[in-house]
Structures are given as C-alpha cells and as structure tokens.
Amino acid sequence: VQLQASGGGLVQDGGSLRLSCAASGRTFSIYFMGWFRQAPGKEREFVAAIARNSGTTDLTDSVKGRFTISRDNAKNTMYLQMNDLKPEDTAVYYCAASTSNSGSSYYRVRYDYWGQGTLVTVSS
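Conventions adopted
Residues numbered from 1 in each chain as written. Predicted model: local features only at pLDDT ≥ 70, side-chain atom pairs only at ≥ 80, totals over all residues. Heavy atoms only, no water. Helix = DSSP H or I, 4+ residues; strand = E, 2+ residues; numbered from the N terminus. Rg over C-alpha atoms; globule rule 2.2 N^0.38 Å. Buried < 20%, exposed > 50% of the residue type's maximum accessible area, 1.4 Å probe, protein only. Contact = heavy atoms within 4.5 Å. Areas by Shrake-Rupley, 256 points an atom, 1.4 Å probe, with all protein chains shown as cover. Lys, Arg positive; Asp, Glu negative; His and termini not counted. Charge placed at Lys NZ, Arg CZ, Asp CG, Glu CD. Core = buried A, V, L, I, M, F, W, Y, C linked by side-chain atoms within 4.5 Å.

Which residues make up the overall build of the protein, and what are the values?
Looking only at helices and strands, one finds zero helices and 11 strands in the protein. Counting from the amino terminus, helix and strand elements in the protein follow one another as β-β-β-β-β-β-β-β-β-β-β. Relative to the globule expectation of 14 Å for 124 residues, the C-alpha radius of gyration of the protein, 13 Å, shows essentially globular dimensions. For the C-alpha atoms alone, the extent of the protein along its principal axes is close to 40 × 25 × 25 Å. Across the 124 residues of the protein, 44% fall into the buried class. Restricting to contacts in the protein with at least 6 residues of sequence separation, those with at least 24 account for 55%. As displayed, the protein has an accessible area near 6,300 Å², and 46% of this comes from carbon and sulfur atoms. The protein carries 13 positive and 10 negative side-chain charges, and their two centres are separated by 7 Å.

Listed below in structure tokens is the structure:
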C-alpha cells in the first residue's frame, strides 16, 4: 500500500483546509486509516481515524467540533476537513493505514503504512 498526502498550506487563525490521502496498491487489505500530526519538537500524535468499511470515526478531543474525517472508497481517498484552525494546529500531518481489525486506532504501532506528510501552518 502506498499513501500520498496533500492539501497542506499556510492559513490564518480561524481558516480552513482540507487534507487528502490517496491510497494505491493493495487497498483491499486496509481496515482503517488515520491522521497523525507532529509539531516541531513534539512527538507525533493521533488526530483522527476512520474505518474503511463502516465509516466509524474517532477524533482526538482537541479537534472535535472543528475537524471532520471522511473517506471515498471509490477513489481510495481519505479526507480531513479542518475548520477554525488555530496556531496550535501547526504541524506536519501524516496519513496512515492499518491492515489489522483489532486494537486502538490511537497508537502509531497499530499502523502498517505511512504517507510522506503535508505541512499545515496556521498564523496568528
């Protein structure tokens, strides 16, 4: 499985961006996909995840009400709609995919494949 993330950029405080993650290869093996982010000097942290078949979603508390995760299975693409962005959302955002149907989506070790990352910068 190969993952290609895109859509990052520079926005002002309160602005919006939509990230995309296109999957290719053995996409039928994916059970769920997720977004993580890594700010300078910090560890990579969970942002959101979505089950490929059921569409069940999970988001970390700090983005609930502002971010929405979705997927289009026909296009093998996952999205992260980010609204009301804040400077603390500034980070490199990575998409990831898991071929396992058990375990928590919050943990990096749960994921088998990672995209290259896309930079989101929110100016105050």
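From this point, the narrative continues.
Describe the side chain of Ser20, naming the residues involved and giving the relevant values.
Looking at the element boundaries, Ser20 is found in strand E3 (residues 17-24). Residue Ser20 is classed as buried on the basis of its relative accessible area of 18%. Ignoring sequence-local partners within four residues, the contact set of Ser20 consists of Gln4, Ala5, Ser6, Trp35, Thr77, Met78 and Tyr79.

Account for the nonpolar core, with residues named and values stated.
Core analysis: the biggest nonpolar cluster contains 29 residues, and Trp35, Phe67, Leu80, Met82 and Tyr93 have the highest contact counts within it. Looking at this core, the elements that each hand over two or more residues are strand E1 (2-6), E3, strand E4 (32-38), strand E5 (45-51), strand E7 (67-72), strand E8 (77-82), strand E9 (91-98) and strand E11 (118-123). Counting residues in each nonpolar core, the second largest holds seven residues, with Phe32, Phe46, Ala96 and Tyr111 among its members.

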